[in-house]
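Observations on chain architecture
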Amino acid sequence: SWGIGDLGDLRRLNEWAARMGAGAVLINPLHSVDPEPHRASPYFPSSRLFRNPLYLRVEEIQGAAEASLDLEKLASAGRSLNGDRRIDRAAVHRLKSDALELLWRRFGGDRAFDRYRAEVGTPLRDYATFLALTEQFGSDWHRWAPQLRHPRSPAVVRAAHDLGHRVLFHEWVQWCLDRQFESASADLPVTNDLAIGVDPGGADAWMWQDFFASGVTIGA
């Protein structure tokens, strides 16, 4: 792994736990978070619906074997992070982001990906649109132009069209996570812990703002 436990590690843990007679495995939330270092906690997520790309095993993404030479430098830098006792999420994020961009450029499409997009539907597209907008305007949607602050606004519909390639990229990342999680949980049921709330400036609060009480927080 590249400096942080990933879904490949979870698969190995599940295989071992199944042999030891375990009935299930409980893990911390895999929620999507703002990639900035101060958003490291999975209990302060951007979205509880979607997963954090930090947990991807890059070498097991479709097309990684064919791109092994191009990934070699990134993989070496990622594995070198295992020597540090501190988990540097920012460094892991930079390396895996570069690797994902590289693999995305080589991705030629897949019918399974098309089915995934159709099955998850609007929430996936809204989430991916949010991420594409954050790349343009920053991570807190309250600071965006007023016309972009609601997912059903005409300006957001136009932006989603204009940023279509980036929207598709973020949908693909979630598909990769979904496939790896399915593989990781094949031997035993996996129970994910669930954060009690979300980041008010994050994806869920933007997507579902009509159902949230604004200005209300809860925590321990």
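Residues numbered from 1 in each chain as written. Predicted model: local features only at pLDDT ≥ 70, side-chain atom pairs only at ≥ 80, totals over all residues. Heavy atoms only, no water.

1. What to know about the nonpolar core
The biggest cluster of nonpolar side chains holds 57 residues, and the ones touching the most others in it are Leu7, Leu71, Leu103, Trp172, Trp175 and Trp206. A per-element tally of this core places helix H7 (residues 164–184) first, with 9 residues. Look past the residues within four positions of Leu103 in its chain and what remains in contact with it is Val58, Ile61, Gly63, Ala64, Ala67, Leu71 and Trp172. (Core = buried A, V, L, I, M, F, W, Y, C linked by side-chain atoms within 4.5 Å. Buried < 20%, exposed > 50% of the residue type's maximum accessible area, 1.4 Å probe, protein only. Helix = DSSP H or I, 4+ residues; strand = E, 2+ residues; numbered from the N terminus. Contact = heavy atoms within 4.5 Å.)

2. Some points on the packing of helix H3 (residues 89–106) against H7
Put simply, H3 and H7 touch, their axes get as near as 11 Å, and they point 110° apart. By the angle class used here, H3 and H7 are roughly perpendicular. Mapping the contact onto sequence places Leu100, Glu101, Leu103 and Trp104 in H3 and His165, Arg166, Leu168, Phe169, Trp172 and Val173 in H7. (Axes fitted to C-alpha atoms, helices over the stretch in contact; angles between N-to-C directions. Parallel < 35°, antiparallel > 145°, perpendicular 65-115°, else oblique.)

3. Concerning the environment of Phe137
Tracing the backbone shows Phe137 in helix H5 (residues 122–137). Here Phe137 falls in the partly exposed class, since its relative accessible area comes to 45%. Between the alpha carbons of Phe137 and Leu148 there is a distance of 9.8 Å; along the sequence they are 11 residues apart. Non-local contacts of Phe137, meaning those with residues more than four positions away in its chain, are made with Trp144 and Leu148.

4. Brief notes about the layout of surface pockets
One water molecule sets the probe size; rolling that probe over the atoms shows where empty space is left. If you add up the space inside the largest pocket, you get close to 720 Å³. In terms of lining residues, the largest pocket is bounded by 35 residues, among which Val33, Asp34, Pro35, His93 and Leu131 are the most central. Of all elements in the fold, only H3, H5 and H7 reach the threshold of two or more residues within the lining of the largest pocket. Per-element tally for the lining of the largest pocket: the top contributor is H3, with 6 residues. Counted as a void, the second largest pocket has a volume near 480 Å³. Grouping the amino acids of the lining of the second largest pocket by side-chain chemistry returns 12 nonpolar, 7 polar and 1 charged. (1 Å grid on protein atoms, 1.4 Å probe; cavity = no way out; pocket = protein on both sides within 12 Å on 5 of 7 lines; lining within 4 Å. Points joined across faces, edges and corners; volume = space filled by probe spheres on them. Nonpolar A, V, L, I, M, F, W, Y, C, P; charged D, E, K, R; others polar.)

5. Structural notes on helix H4 (residues 111–120)
The complete set of buried residues in H4 reads Ala112, Phe113 and Tyr116. For H4, the angular spread of the buried residues around the axis is 100°, confining them to a single face. Structural note: H4 exposes Arg111 and Ala118 on the side pointing more than 90 degrees away from its buried face. Buried residues belonging to H4 abut H5 and H7. (Arc of directions from axis to C-beta.)

6. Here's the deal with a nonpolar patch on the surface
A surface patch of nonpolar side chains, about 460 Å² in accessible area, is lined by Leu49, Trp208, Phe211 and Phe212. Position of Phe211 among the secondary structure elements: in the segment after helix H8 (203–207). Taking the relative accessible area as the measure of exposure, Phe211 reaches 70% and is therefore exposed. (Patch = residues over 30% accessible without salt bridge, like charges linked within 9 Å, V, L, I, M, F, W, Y side chains within 5 Å. Areas by Shrake-Rupley, 256 points an atom, 1.4 Å probe, with all protein chains shown as cover. Salt bridge = Lys/Arg side-chain N within 4 Å of Asp/Glu carboxyl O.)

7. Observations regarding the environment of Arg57
Mapped onto the secondary structure, Arg57 falls in the loop between strand S3 (47–51) and helix H2 (68–80). A relative accessible area of 15% means that Arg57 is categorised as buried. In this view, Arg57 contacts Ser1, Asp6, Gly8, Asp9 and Gln180; residues no more than four positions away in its chain are not counted.

8. Side note on the pattern of salt bridges
Evaluation of the coordinates by the stated rule reveals 13 salt bridges. With a shortest N-O distance of 4.0 Å, Glu15 and Arg11 are connected by a salt bridge. With Glu15 and Arg11 both in helix H1 (residues 7–19) and 4 residues apart, this pair spans about one turn of that helix. Since its relative accessible area comes to 30%, Glu15 is described here as partly exposed. A salt bridge links Arg117 to Glu171; the shortest N-O distance between them is 2.7 Å. Taken together, the positions of Arg117 in helix H4 and Glu171 in helix H7 put the pair 54 residues apart, joining distant regions of the chain. A relative accessible area of 29% means that Arg117 is categorised as partly exposed. When salt bridges with common partners are traced through the structure, they connect Asp6, Asp9 and Arg57 into a single cluster.

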